[in-house]
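Given next are the chains, with one letter for each unit.
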There are 2 protein chains.
Amino acid sequence: AVSAPAMAAEPQVKWKLASSFPKSLDTIYGAAETLANRVAQITEGKFQIRVYAGGELVPGLQVMDAVQQGTVECGHTCSYYYVGKNKAFAFDTSMPFGLTARQQNAWMYFGGGLQLMRELFKEYNIMQFPGGNTGTQMGGWFRDEIKSLAELKGKKMRIPGIGGEIMARLGAVPQTIAGGDIYPALEKGTIDAAEWVGPYDDEKLGFYKVAKNYYYPGWWEPGPQVSFYVNLDQWNKLPKEFQAAFEVAAAEANLVMLSEYDAKNPAALVRLLGNGVKLRQYPADILAAAEAEAFKLYDEEAEKNPKFKKIYVEWLKFRKLQHGWHAIADSTLERVMYTPKKAPAKK
Amino acid sequence: AVSAPAMAAEPQVKWKLASSFPKSLDTIYGAAETLANRVAQITEGKFQIRVYAGGELVPGLQVMDAVQQGTVECGHTCSYYYVGKNKAFAFDTSMPFGLTARQQNAWMYFGGGLQLMRELFKEYNIMQFPGGNTGTQMGGWFRDEIKSLAELKGKKMRIPGIGGEIMARLGAVPQTIAGGDIYPALEKGTIDAAEWVGPYDDEKLGFYKVAKNYYYPGWWEPGPQVSFYVNLDQWNKLPKEFQAAFEVAAAEANLVMLSEYDAKNPAALVRLLGNGVKLRQYPADILAAAEAEAFKLYDEEAEKNPKFKKIYVEWLKFRKLQHGWHAIADSTLERVMYTPKKAPAKK
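About the thresholds
Residues numbered from 1 in each chain as written. Chains lettered and ligands numbered in written order. Predicted model: local features only at pLDDT ≥ 70, side-chain atom pairs only at ≥ 80, totals over all residues. Heavy atoms only, no water. Helix = DSSP H or I, 4+ residues; strand = E, 2+ residues; numbered from the N terminus. Rg over C-alpha atoms; globule rule 2.2 N^0.38 Å. Buried < 20%, exposed > 50% of the residue type's maximum accessible area, 1.4 Å probe, protein only. Contact = heavy atoms within 4.5 Å. Areas by Shrake-Rupley, 256 points an atom, 1.4 Å probe, with all protein chains shown as cover. Lys, Arg positive; Asp, Glu negative; His and termini not counted. Charge placed at Lys NZ, Arg CZ, Asp CG, Glu CD. Buried area = accessible area lost by both parts, 1.4 Å probe. Salt bridge = Lys/Arg side-chain N within 4 Å of Asp/Glu carboxyl O. Polar contact = N/O pair within 3.5 Å; in protein donor to acceptor, adjacent residues only side chain to side chain. Pairing = 2+ DSSP bridges. Expected span 1.5 Å × (residues − 1). Least-squares fit on C-alpha atoms with pLDDT ≥ 70 in both. Phe/Tyr/Trp six-rings, centres within 6.5 Å; stacked < 30°, edge-to-face > 60°. pLDDT = per-residue confidence, 0-100.

A. Summary view of the overall build of chain A. Scanning chain A from terminus to terminus reveals 13 helices and 11 strands. Here chain A has a C-alpha radius of gyration of 21 Å; the compact-globule value for 347 residues is 20 Å, and the two agree. Of all 347 residues assigned to chain A, the portion counted as buried reaches 61%. Taking as baseline every contact in chain A between residues at least 6 positions apart, the subset at least 24 positions apart corresponds to 78%. Counting only carbon and sulfur atoms, one obtains 52% of the accessible surface of chain A, whose full area is about 13,100 Å². In chain A, which carries 41 positive and 38 negative side-chain charges, the distance between the mean positions of the two groups comes to 4 Å.

See the structure below:
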């Protein structure tokens with residue numbers, strides 16, 4: 001190997017990255033480390049990014065403001081945390097009954113999604129990059145079994161964002177509670193249910209010890225994307241090759257995070273089942289009502305929010321085409337493979 | 001932006017890449033261009049890779065030999081083309097009823113797949129990187145409808161590799177025919193059926209004009225990976241930062257190719273249906289027999305091929321865990337979303 005030149009020809013660029021996530025959620029937090037390490041590697045250390053966990057520099061849910069104001073040059077966060085600014089930000093993460101991880105990537109990179117979202121982000125002086133995905137999440141932990149839509153009424157559930165709004169339309173009582181406070185609330189019965197991510201992350205938080213009914217699917221998050229945010233002034237100051245280094249490293253982090261969750265979730269699910277967890281599918285009437293309410297909510301929002309409407313109209317067309325195709329080859333073969341087989345007759 | 005230094009501090013590295021694919025298959029061929037462009041960008045042009053289409057330097061199915069012998073420094077190909085050397089190479093691409101695209105990535109990057117495969121490739125003086133995926137392919141074009149396993153018997157079908165071996169066990173007569181020769185054979189009735197990739201690529205080859213029955217799913221290719229091959233001597237001579245540049249660009253190409261197919265296939269399918277194509281699911285008895293024969297074939301191969309067995313044992317464990325998890329959240333939500341909904345009652 002050729003050694004690095006004694007003096008770097010370019011100026012050293014040092015950035016701070018504010019993550020929304022704690023180090024304990026190693027897979028989602030780790031995607032920012034993946035990016036930082038790769039950028040340093042391919043620029044021979046000339047472009048260095050230091051990653052700060054949620055709360056270290058700024059609170060986890062204020063990463064967008066910090067990047068916008070230039071407190072940090074970049075961040076790693078979920079855009080649906082910022083639906084209070086505009087509900088349209090949720091398209092950058094996940095919409096209930098929306099796109100799967102693969103479909104989200106197809107929309108972002110080749111379906112016009114990245115351009116549409118960047119128009120919105122530009123108003124906040126930010127450029128964003130897909131930077132991770134969890135895959136379809138689980139539907140949460142319930143103290144009691146829920147057999148029908150009627151039984152959901154009045155249940156206090158920790159579920160933030162648009163998913164929470166839809167739950168409210170179904171008669172549940174959504175609660176917004178930070179990660180660390182969920183367990184005691186669930187244990188005491190202050191809440192009846194809580195959703196988090198999926199087997200690997202949920203296992204760490206220990207919910208299975210106090211609520212045994214683990215529901216699926218997490219219909220409010222078919223393929224949640226995590227995004228890297230970059231302050232636009234900082235981006236424009238960056239040499240072209242450093243821009244390219246950031247962009248390619250973000251794409252790798254996007255792929256790697258999903259692959260890591262996919263590799264870790266299955267064994268975690270097996271362990272949870274070994275601890276007495278009951279896996280339960282949401283009753284059909286809940287799923288049907290939730291899907292209908294989701295699209296009512298989107299239609300209502302589009303009526304009053306032109307920025308939401310602009311993205312929604314394109315997203316809806318893309319979603320329809322995607323669902324028409326993925327239902328055919330991928331989804332059919334998966335169903336065939338996942339159907340338990342009778343043991344072959346002994347010869 | 002800072003301008004590039006007048007004199008590059010490192011030596012210029014120029015590589016040739018032999019692709020197995022013609023330029024006309026723009027998405028799969030394009031993944032190598034994606035890699036080459038990105039590597040040049042992030043190294044400020046110091047590491048340049050020139051992409052040659054299949055047949056330009058070496059025949060499409062001899063890329064492995066060319067990389068092994070150092071005729072070219074690197075290549076872009078499907079490892080299951082080389083099952084004649086060892087059937088174990090198929091694990092690097094796709095096994096019938098095996099892993100989906102996401103599961104293949106999880107296995108490669110976090111499930112030990114990359115290490116296992118690299119042990120095998122090392123014997124051929126090659127290091128390989130996942131470098132693209134098509135997603136689950138379609139099950140091919142049939143001149144006549146096939147209503148049962150019995151009707152498959154004697155049918156001449158263009159289908160290479162292990163998929164073809166399984167088809168033979170089901171009573172069909174597999175044929176190996178190069179891409180350009182399939183259409184006339186199908187038109188004349190020399191063959192009864194042919195499989196290729198999916199809607200976007202298949203449409204270009206025009207099969208729908210001479211065979212109207214488009215079957216799904218392509219059970220022999222749940223998530224075919226395309227791989228970048230690098231000659232090991234050349235890899236070891238590469239500066240560390242160029243190795244990192246190649247590796248990150250390969251990961252991006254892997255993600256981008258799948259996203260591009262996912263974005264292009266849905267509209268192509270709609271166009272095909274508009275041209276009178278009949279979409280048909282493989283009858284249940286064919287799918288069940290094919291799955292059973294696939295695992296019989298793997299078990300038989302493992303008995304006589306220790307290199308195959310070593311990978312197969314690990315792959316089988318990984319597959320079982322994956323299928324246990326993906327059947328839950330992702331697959332269930334997809335099924336719910338893809339089920340046609342009754343129009344809501346007018347208020």
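B. Inspection of unusual backbone geometry at higher detail. Residue and element names in this part refer to chain A. In this structure, P217 follows Y216 across a cis peptide bond, with omega equal to -10°. The topology assignment puts P217 in the loop between β9 (213-216) and β10 (225-231). Of note in this structure, E44 is not a glycine but carries a positive phi near 50°. If you trace the backbone, E44 turns up in the loop between α1 (26-42) and β2 (47-52).

C. Here's a closer look at the interface of chain B and chain A. Contact with chain B, which involves 79 residues of that partner, is made by 80 residues of chain A. Counting each side, the surface lost to burial between chain B and chain A is near 6,800 Å², with a carbon and sulfur contribution of 71%. Of all residues in chain B, R102(B), W325(B) and Y338(B) bury the most surface against chain A, accounting for 11% of the area lost on that side. With a closest N to O distance of 2.8 Å, D262(A) and R102(B) form a salt bridge. For the interface between chain B and chain A, the tally reads 12 residue pairs in polar contact (both at pLDDT 80 or more).

D. Representation of the sheet that holds strand β8 (residues 193-194) of chain B in the model. All names here are of chain B. The strand order across the open sheet formed by six strands is β7-β6-β8-β5-β9-β11, and the pairing between neighbours is mixed. Looking at strand neighbours, the two that pair on one side only are β7 (173-175) and β11 (278-281), the edges of this open sheet. Bridge count between strand β5 (residues 141-142) and β8: two bridges; the pairing is antiparallel. What sits directly across from F142, in β8, is A193.

E. Geometry of helix α12 (residues 306-326) of chain B. Residue and element names in this part refer to chain B. Its 21 residues give α12 an end-to-end C-alpha distance of 30 Å, which sits within 8% of 30 Å, the value for a rise of 1.5 Å per residue. Every buried residue belonging to α12 is among F308, I311, Y312, W315, F318, R319, Q322, H323, W325 and H326, and all of these are buried. Its side-chain oxygen at 3.2 Å from the backbone nitrogen of K307, N305 defines the N-terminal cap of α12.

F. Examining the relation of the copies chain B and chain A more closely. When chain B is brought onto chain A, the operation consists of a screw motion whose angular component is 180° and whose axial shift is 0.0 Å, with 0.0 Å RMSD remaining. Taken together, the rotation and translation relating the two chain copies correspond to the operation of a two-fold axis. In terms of proximity to the rotation axis, the leading residue of chain B is E252(B), whose C-alpha is 2.8 Å off the axis. Both copies share a contact surface, since 99% of the interface residues of chain B are interface residues in chain A too.

G. Here's a closer look at the packing of aromatic side chains. This model, assessed by the stated rule, comprises 60 aromatic pairs over all chains. Centroid distance Y82(B) to Y229(B): 6.2 Å. Interplanar angle 50°. Geometry classified as tilted. Here the residue Y82(B) occupies a position in the loop between β3 (74-77) and α3 (101-110), and Y229(B) occupies one in strand β10 (residues 225-231), the gap between them amounting to 147 residues. Its relative accessible area of 3% is what places Y82(B) among the buried residues. Look at F97(B) and W219(B): their rings are 5.5 Å apart centre to centre, the planes differ by 15°, and that puts the pair in the stacked class. Linking F97(B) in the loop between β3 and α3 with W219(B) in the loop between β9 (213-216) and β10, this pair joins segments that are 122 residues apart in sequence. The same class applies to F97(B) and to W219(B), which are both buried. Three or more aromatic residues joined by ring pairs make a cluster, and in this case those are W15(A), F47(A), F129(A), F228(A), W235(A), F242(A) and F246(A).

H. Quick look at the side chain of R158(B). All names here are of chain B. Relative to the assigned elements, R158 resides in strand β6 (residues 156-158). Residue R158 is classed as buried on the basis of its relative accessible area, which comes to 9%. A polar side-chain atom of R158 sits 3.0 Å from the main-chain carbonyl oxygen of I177. Those residues in contact with R158, other than ones at most four positions away along the chain, are Q175, I177, I182, I191, A193, A194, E195 and W196.

I. The confidence of the model for chain A, seen in detail. All names here are of chain A. For chain A, the mean per-residue pLDDT works out to 94, and 95% of the residues sit at or above 70. For the stretch residues 1-8, pLDDT sits under 50, and the model shows nine contacts to residues farther than four places along the chain or on other chains. The complex model carries a pTM of 0.95, and its ipTM stands at 0.95.

J. Here's a closer look at the sheet that holds strand β7 (residues 173-175) of chain A. All names here are of chain A. Taken together, the six strands give an open sheet; going across it, the order is β7-β6-β8-β5-β9-β11, and neighbouring strands pair in mixed fashion. Two strands in the sheet have a free side with no partner beyond their single neighbour: β7 and β11 (278-281). Relative to strand β8 (residues 193-194), strand β5 (residues 140-142) is paired through two bridges, and the arrangement is antiparallel. Across the sheet, residue W141 finds its bridge partner in β8, namely A194.

K. Highlighting the pattern of salt bridges. For the structure on display, the rule yields 46 salt bridges over all chains. For K204(B), the salt bridge goes to D26(B), with nearest N and O atoms at 3.0 Å. Of this pair, K204(B) sits in helix α8 (residues 199-205) while D26(B) sits in helix α1 (residues 26-42), placing them 178 residues apart in sequence. A salt bridge links K264(B) to D26(B); its shortest N-O distance comes to 3.6 Å. A residue pair is termed long-range when its members are at least 10 positions apart, and K264(B) in helix α10 (residues 240-274) and D26(B) in helix α1 qualify at 238 residues. Relative accessible area serves as the criterion here: at 29%, D26(B) is assigned to the partly exposed category. When salt bridges that share partners are traced, they join D26(A), K204(A), E260(A) and K264(A) into one network.

L. Region of the structure containing the pairing of β10(A). Residue and element names in this part refer to chain A. Of all seven residues in β10, seven are buried; the element is thus mostly enclosed. Covered by surrounding structure in β10 are Q225, S227, Y229 and N231 together with V226, F228 and V230, the residues of both alternating faces. Both strand β3 (residues 74-77) and β10 contribute to a ladder of four bridges, which runs antiparallel. Bridging from a neighbouring strand, H76 pairs with F228 of β10.

M. Summary view of the environment of F47(B). All names here are of chain B. Mapping F47 onto the fold places it in strand β2 (residues 47-52). Judged by its relative accessible area of 0%, F47 is buried. Taking the C-alpha atoms as reference, F47 lies 7.0 Å from F242; in sequence the two are 195 residues apart. Apart from residues lying up to four places away in sequence, F47 is in contact with V13, W15, V39, A40, L238, F242 and F246.

N. Broad picture of the environment of Y109(A). Mapped onto the elements of the fold, Y109(A) is located in helix α3 (residues 101-110). The exposure class of Y109(A) is partly exposed, given its relative accessible area of 24%. The residues contacting Y109(A), other than those within four sequence positions of it, are P130(A), A251(A), N254(A), L255(B) and S259(B). Separated by 2.9 Å, the side chains of Y109(A) and N254(A) make a polar contact.

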